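Report on the structure
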Amino acid sequence: MIPLIDLKKQYLSIKNEIDEAMASVIDDVSFIAGTYAQKFEEEFASYIGVKHCVACANGTDALEMALEALGLGEGDEVIVPAISWISTAECVSKVGASVVFADVDYETNNISLKHLEATISSKTKAVIPVHLFGNPVDMPKLMQIADRHNLYVVEDCAQAHGATVDGRKAGSFGHMATFSFYPGKNLGAYGDAGGIVTNDEKLAEKARLIGNHGQAKKFEFQFEGRNSRMDGLQAAILSVKLKHLDNWTSLRIQHVEYYNALLKDVVDVPSYKHNMKHVFHQYVIKGLKDRDELKQFLLSEGIQTAIHYPEILPYIVPYKETHGEFSFPNAEKVVTGILSLPMFPEMTNGQIEKVTDKIKGFLSA
Ligand SMILES: *Cc1c(COP(=O)(O)O)cnc(C)c1O
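Let us look at the structure shown here.

Definitions and limits used
- Residues numbered from 1 in each chain as written.
- Predicted model: local features only at pLDDT ≥ 70, side-chain atom pairs only at ≥ 80, totals over all residues.
- Heavy atoms only, no water.
- Buried < 20%, exposed > 50% of the residue type's maximum accessible area, 1.4 Å probe, protein only.
- Helix = DSSP H or I, 4+ residues; strand = E, 2+ residues; numbered from the N terminus.
- Arc of directions from axis to C-beta.
- Contact = heavy atoms within 4.5 Å.
- Pairing = 2+ DSSP bridges.
- 1 Å grid on protein atoms, 1.4 Å probe; cavity = no way out; pocket = protein on both sides within 12 Å on 5 of 7 lines; lining within 4 Å.
- Points joined across faces, edges and corners; volume = space filled by probe spheres on them.
- Nonpolar A, V, L, I, M, F, W, Y, C, P; charged D, E, K, R; others polar.
- Core = buried A, V, L, I, M, F, W, Y, C linked by side-chain atoms within 4.5 Å.
- Axes fitted to C-alpha atoms, helices over the stretch in contact; angles between N-to-C directions.
- Parallel < 35°, antiparallel > 145°, perpendicular 65-115°, else oblique.
- Left-handed = near helix turned anticlockwise from the far one by under 90°.

Some details on helix α11 (residues 329-336)
Along an α-helix, residues three or four apart share an orientation, since each turn contains 3.6 residues. Among all positions in α11, only A331, V334 and V335 are buried. The buried residues of α11 occupy an angular sector of 90° when projected down its axis, which confines them to one face. Set apart from the buried face of α11 by more than 90 degrees, the exposed residues are K333 and T336. Packed against the buried residues of α11 are α10 (291-300).

So, in structure tokens, the structure goes:
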């Protein structure tokens, strides 16, 4: 069996470091927030190249807390791309604002800057660009549009740890940015975890208060918040794994180059621009006419694949009645023909060859 991702193999490659880190958290009984979370916050802020990181319980909370910290709510519109995980849209409704979907560019799968401008109204207050599959959005251009229209920008970096544009990290462009450290993400904990990064001290402070029941100090409640903090075990694991992240990303890119060389003549393979570092959270091939049959065939050959995502966000149940008058031809075209192939740093060339041989066999039959 070739899995989509092999977290066991990764754990075994760093077992000593992880086991030691976990033992010291337990030894120090530093379970919630505390010194390990603080240490990870400092390391991660420095890795992204921003002043502040606020660790929290998961990437969905991070998005919601960021919007809340910005003061977004009823009557405000927030633009999100038509292709993403539901959290990118969910957070908007959860703070009481309205979701407006923008179509994507077929080539990048990311929010179309042209369609973004077309969806801006007098009520638009923010945009949430998503660096989908690890491919960074053209942030300098997006920030120009946002500045022109006075919009807040919250980057959803859940799939893009370490991605760059012109050498600058995704997550350092927007007013705020959010990360997920869900186990399967490029930087993943051993449970749920998330984080918010920003250069703005006031926004960081507000987000931290929100995640700790509105308390700056114990029992000094300033407003109603919630419970969303990172636990010490996850923080210690993330500190260990952060040191390996760049090496793991290089391995992903090596695998992509091998996949692309073997597949480029038979399917639409992912490309990336020279001034951008795509970190390949997923390796996604596109334009497949018999996608579902290919997926089934690969599974019967012991190869696990996935579809990110089977439906575009405006058409899933929570939004299909309310998504408004815009249409999403590019997003629809993307999702009908995509397939995510096995992609993880610990893959071998032999595994890549098996996957690509089976795909070629299927397509030439
Ligand atoms: C994973 C993901 C999230 C949510 O993160 P969780 O930690 O699972 O809550 C948000 N946005 C995108 C694009 C994601 O891929």
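Topic: the sheet that holds strand β10 (residues 276-277)
Strand order in the open sheet formed by 3 strands is β7-β6-β10, and the pairing between neighbours is antiparallel. Each edge of the sheet is formed by a strand with only one pairing partner; in this case those strands are β7 (168-169) and β10. Sheet analysis places strand β6 (residues 164-165) next to β10, joined by 2 bridges and oriented antiparallel. Following the sheet pairing, V165 is matched in β10 by M276.

Quick word on empty space enclosed by the protein
According to the stated counting rule, one finds 1 cavity of 30 Å³ or more in the structure shown. Its volume calculated, the largest cavity comes out at about 60 Å³. Surrounding the largest cavity, I5, D6, L7, Q10, G184, K185, N186, K241, R252, F344, P345 and E346 form its lining. When contributions to the lining of the largest cavity are tallied by element, the ones reaching two or more residues are α1 (7-13) and α9 (232-263). Residue composition of the lining of the largest cavity, by class: 4 nonpolar, 3 polar and 5 charged.

Some points on the nonpolar core
A general tendency of soluble globular proteins is for nonpolar side chains to be buried together. Ranked by size, the top nonpolar core spans 68 residues in total, and within it Y283 and L341 carry the most contacts. The element contributing the most residues to this core is helix α4 (residues 59-69), with 6 residues. For L341, the residues in contact, after removing those within four places along its chain, are L4, Y259, L263, Y283, I285, L298, T305, V355 and I359. Judged by nonpolar contacts, the second largest core, of 35 residues, contains A21, A163, A170 and V197.

Remarks on the environment of V29
Tracing the backbone through its elements, the reader meets V29 in the loop between α2 (15-27) and α3 (34-48). For the pair formed by V29 and L233, sequence separation is 204 residues and the distance between their alpha carbons is 9.9 Å.

Notes on the sheet that holds strand β3 (residues 98-102)
One open sheet accounts for 7 strands, arranged β1-β9-β8-β5-β4-β2-β3; its pairing is mixed. Bordering the open sheet on either side are β1 (52-56) and β3, each of which pairs with just one other strand. Adjacent strand axes in the sheet meet at a mean angle of 25° when their direction is disregarded. Sheet strands touched by helix α7 (residues 139-148): β4 (124-127) and β5 (152-156). Its angle to β5, the strand with the most contacts, is close to 150°.

Topic: the packing of α4 against helix α8 (residues 201-210)
With their axes 9 Å apart at the nearest point, α4 and α8 run at an angle of 125° to one another. With respect to each other, α4 and α8 are oriented oblique. The way α4 lies across α8 gives a crossing that is right-handed. In this structure, α4 uses M65, E68 and A69 to contact α8, whose residues at the interface are L203, K206, A207 and I210. Of the residues contributing to the contact of α4 with α8, the split by class is 5 nonpolar, no polar and 2 charged.

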